[in-house]
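# Architecture and fold: a report
Chain residues, written in single-letter form:
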Amino acid sequence: MGGYSKSDLLQFNEGQLSEMISIMEEIHDKMVSSKNSYDDYVANQLSPVWTTDNGKKSVSDLQSFSEQDIQSFINYINSRISDLNSALDNVKNINIA
């Protein structure tokens, strides 16, 4: 048998990958906005009135949650966006070849 097989005609969908990147970027932007609102609320609404020792500890715990956990999630999303952008570059090169 000569010629080529259907697998030789494999195409990767750049449009779907670009759409996925856009969705991830939207999630990133919403998470950053939510984190900023959360940080503002803790600093300007809770911190001034939660002045007891337990209140101060709670405020500190909430700030640590934002700085560590929420920020880690945002960093994770950034990493996945970078990975998807690299994959898109590779797909473009594959589709050219």
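This text gives an overview of the structure that appears in the document.

Rules of the game
- Residues numbered from 1 in each chain as written.
- Predicted model: local features only at pLDDT ≥ 70, side-chain atom pairs only at ≥ 80, totals over all residues.
- Heavy atoms only, no water.
- Helix = DSSP H or I, 4+ residues; strand = E, 2+ residues; numbered from the N terminus.
- Salt bridge = Lys/Arg side-chain N within 4 Å of Asp/Glu carboxyl O.
- Buried < 20%, exposed > 50% of the residue type's maximum accessible area, 1.4 Å probe, protein only.

### Overview of the environment of leucine 46
Of note, leucine 46 is situated in helix 1 (residues 14-46). Through-space distance from the C-alpha of leucine 46 to that of lysine 56 is 9.2 Å; in sequence the pair is 10 residues apart.

### A few points about the pattern of salt bridges
Side chains carrying opposite charge are able to pair once their charged atoms draw close together. Counting across every chain of the model gives four salt bridges. Between lysine 30 and glutamate 26 there is a salt bridge, with its nearest N and O atoms 3.2 Å apart. Note that lysine 30 and glutamate 26 are positioned in helix 1 at a spacing of four residues, about one turn of the helix. Assessed through its relative accessible area of 45%, glutamate 26 is described here as partly exposed. With a closest N to O distance of 2.6 Å, aspartate 83 and arginine 80 form a salt bridge. Taken together, the positions of aspartate 83 and arginine 80, both in helix 2 (residues 53-96) and three residues apart, correspond to about one turn of that helix.

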